[in-house]
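Residues per chain, in single letters:
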Amino acid sequence: MSTPNTLRLIKYVDALREGAEQAMDADKSVFMMGLDIDDHKGIQGSTTGLVEKFGPERVFTTPLSEDAMTGVAIGAAMAGQRPIHVHIRMDFLMLCMNQLVNIAAKSHYMYGGTVQVPLVVRTMIGKSWGQGAQHSQGLHSMFAHVPGMKVVAPSNAYDAKGLTIQAVRDNNPVLIMEHRLLYGTEAYVPETPYTVEFGMARTLRSGDAITIVGVSNMVMESMRAAELLAEQGIECEVIDPVTISPLDFDAIEASVNRTGRLLVVDNGWLNCGFSAEVLARVAESDHIKQKIVMKRIGFAATTCPTTPSLEDAFYPNPKTIAMLAYQMVTGKQDWEPNSESCQLAYQSQFKGPF
Amino acid sequence: MSTPNTLRLIKYVDALREGAEQAMDADKSVFMMGLDIDDHKGIQGSTTGLVEKFGPERVFTTPLSEDAMTGVAIGAAMAGQRPIHVHIRMDFLMLCMNQLVNIAAKSHYMYGGTVQVPLVVRTMIGKSWGQGAQHSQGLHSMFAHVPGMKVVAPSNAYDAKGLTIQAVRDNNPVLIMEHRLLYGTEAYVPETPYTVEFGMARTLRSGDAITIVGVSNMVMESMRAAELLAEQGIECEVIDPVTISPLDFDAIEASVNRTGRLLVVDNGWLNCGFSAEVLARVAESDHIKQKIVMKRIGFAATTCPTTPSLEDAFYPNPKTIAMLAYQMVTGKQDWEPNSESCQLAYQSQFKGPF
Amino acid sequence: MSSSIIERLYASIALTRRVEEWIADIYKSDSIKSPVHLAIGQEYIAAAVIDHLKQSDYVCGTYRGHGVYLSKGGDLNSMMAELYGKETGCAKGRAGSMHLVEASKGVIGMSAVVGTGIPVAVGHALAIKQQRRNDVVVVFMGDGATEEGCFSESINFAALHKLPILFVVENNRLAIHEPLHKRWAADTLTERMATYGIPSKRFLEPDVLAIHQHSGTLIEAIRNGSGPAFIECNTHRWYEHVGPHEDYDQGYRSLEEGDSWRAQDVYLTLGEQLDSDVKARIDENIELRIQAAVEFAEQSPFPAPEELFNYVYA
Amino acid sequence: MSSSIIERLYASIALTRRVEEWIADIYKSDSIKSPVHLAIGQEYIAAAVIDHLKQSDYVCGTYRGHGVYLSKGGDLNSMMAELYGKETGCAKGRAGSMHLVEASKGVIGMSAVVGTGIPVAVGHALAIKQQRRNDVVVVFMGDGATEEGCFSESINFAALHKLPILFVVENNRLAIHEPLHKRWAADTLTERMATYGIPSKRFLEPDVLAIHQHSGTLIEAIRNGSGPAFIECNTHRWYEHVGPHEDYDQGYRSLEEGDSWRAQDVYLTLGEQLDSDVKARIDENIELRIQAAVEFAEQSPFPAPEELFNYVYA
Ligand SMILES: Cc1ncc(C[n+]2csc(CCOP(=O)(O)OP(=O)(O)O)c2C)c(N)n1
Ligand SMILES: Cc1ncc(C[n+]2csc(CCOP(=O)(O)OP(=O)(O)O)c2C)c(N)n1
Ligand SMILES: [Mg+2]
Ligand SMILES: [Mg+2]
């Protein structure tokens, strides 16, 4: 929308904060609520300074009452406010499912278009350092399943800011899925407000051997995998869907039609999830005549274990992604990248406590 | 497991009750709780008589506190009981998501195998007569998404009883998705206890033109569609997966490999759902070499409207299923079954109030 | 008590009563293809409280919300059309009886998931405060709804932030067919609410004028920044939980109990206090409005199937 | 107060205190790859209450649960191994510090989603009742947890069914860094619980013997069928919410407040009441146990990656 202007290299966490801050500057009906957003840690820095700037009426913590607080945010949204409701972990959204699924997603339709719910829900996925079963889930598929919800997943600082501003302007409930490990990653981000459009995927790397669709931080892991594969002479096309719902399927379809191969790398479980959706749409597509080689990789079909020896095996990583893509392209299993080259700097930035 | 003995034609609703009753007879750790299970309506008859037989300590209503009551059921299960927790609508499970997803599904894993949660959750999908946005959802895909949960969907009285007994015996949380419109349908059901194994699909009709996988009451709608198509000389293979998770993919794969075509008819939304999962598995399968023609049909990607004029368009029905399958098989759109032949008797049995 | 108050209350109660009696009648013809939860016998509570509200104030009811909708000035024609599933309905036929709404009259959309409207109503009160408006919210709920965790969460938050909202519990001592003693550890809801530091009062009898007066005082205070308040009104549901019939024959409650409430029927007792010609005028007017609404609903078109995908996203 | 009680309480408190001090130390070395929530300064509550329990009774703690686990007789070696993520851990390394469990000792698995343990504990009480056992459940929770709807729902259900459970709120007046006055409309939790008709009492001071005595009386009554009871203990968290450090320099609370609680450190005051050689013996034994546990944890193997798929289904 607006033209990017002065660019600075800033962190994802700061981009999130700046996006919210500018949205609040621009529109006084925007406010932010959520457990711990006004303390000195400020949701790992993503809300720091906002209460000082906007005051406790527009930036406030809540009781530990996720269910009702979601209803409160919905009600305020119906009455003309534009709440941003922050949750430090996506797992806690399970407490808000009733309000999100049965009220927020449905109100516009159920009330015949007479009611709008311009609600933004910010929520973070945790990973590593023993986050374990209840602080690590990527549950975007559940929300994308429900008509009326929108789900976006910024993989970088630029999108973090632009999607935040767009989410606030959107007249529907929008869930922003953030990733804890991305908070420290940097990108060039315009100073002034701008939006990132929903339903527009981004092709981060072009190639003709295989299409890799990565979600959230899996974009980074997929990009590294693509680098490793490039050394093997295999050129991957890496697509960041940016928004999970709405989904820019056209971009994926066009790419897959070129490469003939599709690997979806999800930041969640596979079964009945986003990765299945992408494969299904390709399978259904009337524009794709050839048989496409398709695979998915994501969280192991287990609860997330805390111990590092198992946690490492739970997540996709550049090695497992690259090896799977290699096999899809070559039909062979005769290559393994060395482990050091698979390390990603952004992963080691995070250390406990949360 | 056990051999079917005396068969009677009984209703789905009675099979559900009989299954629970026999499970409670067999094991005194089994108990049943849930809003309104002990009143004179007895969850449309599916719990009638149980409180009289087993007393109020083993069959009791609860306060309107779905979240905590789910936790209570989980705790009792951990401590050696085998609760059956009944909800009259699946939509209300959104209030229990935290306990189901974050505790029930995870405990066995999270506690290193030292804890078990043999919990049965019975829950019903409503349809027609203005059930509308919040009394009609088929949300099985959300639960199937989560490792540790099992999800079963009886489409007939035989499975209703056998799956209930198997669910009670299972040492994991099992969600039984029932359908209001199926309650009045009849099947031959053995008198004595028996189980229906999880992860075993059932082929209800054989054919070589197309494989149709139907979920819950969509099995009935698909069967009628198959009859209509047979009149056109198109023989469909109709598969009832019986259990959504675990899924008997082998059966589907084998059938699809024969027919070359797959249509999944789901009793819920498509996006990131069960129908996507089935297509994705076919797309990924190493055993299927040919390109399969695949489609899905399910709830429209909207909130469920109450008015019949829109509600009719919201659901798949024998006509839309048959026409889609016809097109997939013939590549043509030159046929439409007449509407009377698409009526299903079981649908008109239901009339408000709920 | 001024006679104009009695007149207003009677008119409001009579409208709901008669509309719901019509609905019960029509229902048997299957024209209304949606569940209906009648509040017959309970109408006086909404009527009494809502009498103090202005158009920009909000109310939130439940799936048993015809009375709340009508008392707040919701349009009868579009309500009736909604029950018929017509395009001219207040939610364009998408909602049915359980999800009445009329934003322009401050009628918050109602929900069929028990308890969910409570925090949504509190959210409206938060918006009022943030927007520095002079309005208030009244949220009605059943006794069963107070058992949902979000009720306690909502009360705490509203009291913490001193939000302009009045919580009204219509305690008919039933959730569907389950009596209070199977659901509440103690019949002390009002005392419990008082522990949040908010004015809390209980009415054991259908004393419509006392409820009217007390809620007026509370709403006035709330409008002036006092923060939330709470009232609980014991009452009685005359009809079955859902549907157009009485059901004392079902054995889960006694006809005697019903009779004792019927003997205090506010609709009748208020009516008796009116001049007979005043009453006749009101009654006649109501019948005409209802007839017109039914006609309007019957003659309105159903939404066209092509419109299925309207309103998924705003 | 018999000296054996003081000895027991001291031994229990000292064990938790010293274990957590060790954990804080070790944490800096990154051997513990999991968040740790230390209860240093609060240990006396769990110690006092759990002293009345037998092995078949249940306790449920939170992610801040080392003290609850140890006071109930949870094995120190397997707890330490769990923190290290080792196969010999009480949850075979799958859980870490936040989800301690030991079924054989009646330690219900703990949860990192605040409040979720409360109804699960009530469910154990329901099972006890159904199984006609003589056992009781004690569930510990923070002040923040009481804000979750499931807390109110759980109390109501437990009181309704007269279940054998004692609810204990460790009110350190903080949820992470948020003070009570930003979360509670009124500081009247105990009064509110009394409205459910259950014995409810609050302890403003860290009077461990009073808590011990009162909880003993309650647990005895609960065992004899009285139904649930409630206590709230004001207390103070000495360390940061999560992690091995103090954080009075962060400005969200005052050091003075901390000092006043430290001046009443139950660990010290109880210790002073013991014969010095008794105390020395207890202390020495504790150090040896901890040393052994750390060694055990360090030397235990990690789960093998192939085991990732174990325990998904029972
Ligand atoms: C969350 C939820 N649980 C259960 C139901 C089923 N149900 C519909 S109405 C009702 C009783 C509600 O009782 P109360 O709140 O007292 O309101 P009343 O019907 O008496 O006006 C129940 C249990 C529901 N709609 N939503
Ligand atoms: C449902 C949920 N919401 C938020 C969090 C994040 N969180 C972790 S601990 C905590 C504070 C809990 O406070 P309290 O119950 O008083 O326990 P304390 O930590 O003081 O012992 C919060 C908000 C969570 N883990 N679960
Ligand atoms: Mg009621
Ligand atoms: Mg606390």
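Residues numbered from 1 in each chain as written. Chains lettered and ligands numbered in written order. Predicted model: local features only at pLDDT ≥ 70, side-chain atom pairs only at ≥ 80, totals over all residues. Heavy atoms only, no water.

Undergrad: Outline the interface of chain C and chain B, supporting the account with residue identities and numerical values.
TA: Across the contact, 40 residues belong to chain C and 35 residues belong to chain B. Between chain C and chain B, the buried area comes to about 3,000 Å², and carbon and sulfur atoms account for 63% of it. Three residues, Lys33(C), Glu178(C) and Leu308(C), lead the burial of chain C against chain B; their summed loss comes to 19% of the area buried on that side. Where chain C meets chain B, there are one salt bridge. One salt bridge connects Asp38(B) with Lys182(C), and the closest N-O pair in it is separated by 2.7 Å. The interface formed by chain C and chain B includes 18 residue pairs in polar contact (both at pLDDT 80 or more). Of the residues assigned to the side of chain C that touches chain B, the class counts are 19 nonpolar, 11 polar and 10 charged. (Contact = heavy atoms within 4.5 Å. Buried area = accessible area lost by both parts, 1.4 Å probe. Salt bridge = Lys/Arg side-chain N within 4 Å of Asp/Glu carboxyl O. Polar contact = N/O pair within 3.5 Å; in protein donor to acceptor, adjacent residues only side chain to side chain. Nonpolar A, V, L, I, M, F, W, Y, C, P; charged D, E, K, R; others polar.)

Undergrad: Tell me about unusual backbone geometry, residues and numbers included.
TA: For residues other than glycine, phi is negative in most cases, and the peptide bonds are mostly trans. The omega torsion across Ser245(A) and Pro246(A) is 5°, close enough to zero to call that bond cis. For Pro246(A), the position within the fold is in the loop between strand E12 (243-245) and helix H9 (249-259). One non-glycine residue, Asp30(D), lies in positive phi territory at about 70°. Its place among the elements puts Asp30(D) in the loop between helix H1 (3-27) and helix H2 (43-50). Residue class for Asp30(D) comes out partly exposed when judged on its relative accessible area of 22%. Although it is not a glycine, Ile176(D) sits at a positive phi angle of roughly 55°. In this structure, Ile176(D) sits in the loop between strand E4 (174-175) and strand E5 (178-179). For Ile176(D), a relative accessible area of 25% puts it in the partly exposed group. (Helix = DSSP H or I, 4+ residues; strand = E, 2+ residues; numbered from the N terminus. Buried < 20%, exposed > 50% of the residue type's maximum accessible area, 1.4 Å probe, protein only.)

Undergrad: I'd like a description of the site of ligand 2, backed by residues and values.
TA: In the region of ligand 2, 20 residues are neighbours, and Glu66(A), Tyr63(D), Arg64(D), Asp143(D) and Gly144(D) sit closest. One finds residues of chains A and D in close proximity to ligand 2. One nitrogen or oxygen atom from the side chain of Tyr63(D) is found 2.8 Å from an oxygen atom belonging to ligand 2. One nitrogen or oxygen atom from the main chain of Ala112(D) is found 2.8 Å from a nitrogen atom belonging to ligand 2. Expressed as a share of its isolated accessible area of 580 Å², the protein-covered part of ligand 2 is 96%. Of the residues assigned to the shell around ligand 2, the class counts are 12 nonpolar, four polar and four charged. (Near = heavy atom within 4 Å. Areas by Shrake-Rupley, 256 points an atom, 1.4 Å probe, with all protein chains shown as cover.)

Undergrad: Any details on the relation of the copies chain B and chain A? Residues and values, ideally.
TA: With an RMSD of 0.0 Å, chain B superimposes on chain A once it is rotated by 180° and translated 0.0 Å along the axis. Considering both components of the superposition, the chain copies are consistent with a two-fold axis. Interface overlap between copies: 100% of the residues of chain B at the interface are likewise at the interface in chain A, consistent with a symmetric, same-surface contact. (Least-squares fit on C-alpha atoms with pLDDT ≥ 70 in both.)

Undergrad: Pulling in residues and values, what's your account of the confidence of the model for chain C?
TA: Considering every residue of chain C, the mean pLDDT works out to 97; 100% of them sit at 70 or more. Interface confidence for the predicted complex, expressed as ipTM, amounts to 0.98; the pTM equals 0.98. (pLDDT = per-residue confidence, 0-100.)

Undergrad: Mind laying out the UniProt feature "domain: Transketolase-like pyrimidine-binding" (unreviewed entry) in chain A, listing which residues take part and the relevant values?
TA: According to UniProt, the feature "domain: Transketolase-like pyrimidine-binding" (unreviewed entry) maps to residues 10-185 of chain A in the numbering used here. Secondary structure across residues 10-185 of chain A comprises 36% helix and 16% strand; the distance between its end C-alpha atoms is 8 Å. (UniProt positions renumbered as here; feature names shortened; annotations may be inferred.)

Undergrad: Residue-level account of the coordination of the magnesium ion (ligand 4), with values.
TA: Around the magnesium ion (ligand 4), the protein contributes the donor atoms Asp143(D) (OD), Asn172(D) (OD1) and Leu174(D) (O), at 2.0 to 2.1 Å from the metal centre. For the magnesium ion (ligand 4), all donor residues lie on one chain, and their spacing in sequence is D-x28-N-x1-L. (Donors = N, O, S within 2.8 Å, 3.2 Å for Na, K, Ca; no water.)

Undergrad: Please give an account of a positive patch on the surface that cites residues and values.
TA: Taken together, the side chains of Lys289(A), Lys291(A), Lys289(B) and Lys291(B) make up a positively charged region of the molecular surface. The topology assignment puts Lys289(A) in the loop between helix H10 (274-284) and strand E14 (293-297). (Patch = residues over 30% accessible without salt bridge, like charges linked within 9 Å, V, L, I, M, F, W, Y side chains within 5 Å. Lys, Arg positive; Asp, Glu negative; His and termini not counted. Charge placed at Lys NZ, Arg CZ, Asp CG, Glu CD.)

Undergrad: I'd like a description of the interface of chain B and chain A, backed by residues and values.
TA: In this assembly, 49 residues from chain B lie in contact with 50 residues from chain A. A buried area of about 4,600 Å², summed over both sides, lies between chain B and chain A, and 57% of it is on carbon and sulfur atoms. Contact with chain A buries area across many residues of chain B, yet Tyr109(B), His145(B) and Cys272(B) alone supply 16% of it, more than any other trio. Our count for the chain B to chain A interface comes out at six salt bridges.

Undergrad: Summarise empty space enclosed by the protein; cite the residues concerned and give the values.
TA: Going through the model one piece at a time under the given rule, you end up with 11 cavities of 30 Å³ or more. By volume, the largest cavity amounts to about 170 Å³. Lining of the largest cavity is provided by 17 residues; of these, Thr146(C), Glu147(C), Arg192(C), Asn156(D) and Tyr196(D) occupy positions nearest its centre. Those elements that place two or more of their residues in the lining of the largest cavity are helix H6 (149-160) and helix H7 (189-194) of chain C together with helix H6 (149-160) of chain D. (1 Å grid on protein atoms, 1.4 Å probe; cavity = no way out; pocket = protein on both sides within 12 Å on 5 of 7 lines; lining within 4 Å. Points joined across faces, edges and corners; volume = space filled by probe spheres on them.)

Undergrad: Hey, could you go over the site of ligand 1 for me, with residue numbers and the actual values?
TA: Lining the immediate surroundings of ligand 1 are 20 residues, of which Glu66(B), Tyr63(C), Arg64(C), Asp143(C) and Gly144(C) lie closest. Mapping the residues adjacent to ligand 1 onto the chains of the assembly identifies chains B and C. A distance of 2.8 Å separates an oxygen atom of ligand 1 from a polar side-chain atom of Arg64(C). Considering only residue class, the shell around ligand 1 consists of 12 nonpolar, four polar and four charged.

Undergrad: Kindly report on the coordination of the magnesium ion (ligand 3), identifying the contributing residues and their values.
TA: Only Asp143(C) (OD), Asn172(C) (OD1) and Leu174(C) (O) from the protein reach the magnesium ion (ligand 3) as donors, at distances of 2.1 Å. When the donor residues of the magnesium ion (ligand 3) are listed from N- to C-terminus, their spacing reads D-x28-N-x1-L.

Undergrad: Can you lay out the packing of aromatic side chains for me, pointing to particular residues and giving the numbers?
TA: This model, assessed by the stated rule, comprises 20 aromatic pairs over all chains. Relative to Phe299(A), the ring of Trp269(A) has its centre 6.3 Å away and its plane inclined at 90°; by these criteria the two rings are edge-to-face. Of this pair, Trp269(A) sits in the loop between strand E13 (261-265) and H10 while Phe299(A) sits in the loop between E14 and helix H11 (308-314), and the two are 30 residues apart along the sequence. The exposure classification of Trp269(A) matches that of Phe299(A), with both residues buried. Ring geometry for Tyr10(D) versus Tyr267(D): centroids 5.8 Å apart, planes at 5°, classification stacked. Linking Tyr10(D) in helix H1 with Tyr267(D) in helix H10 (residues 266-272), this pair joins segments that are 257 residues apart in sequence. We classify Tyr10(D) as buried; its relative accessible area is 1%. Its end group placed over the ring of Tyr315(B), Lys127(B) keeps NZ or CZ at 4.3 Å from the ring centre. For Arg253(C), the ring lying beneath its charged end belongs to Tyr248(C), and the centroid distance is 4.5 Å. (Phe/Tyr/Trp six-rings, centres within 6.5 Å; stacked < 30°, edge-to-face > 60°. Lys NZ or Arg CZ within 6 Å of the ring centre and 35° of its normal.)

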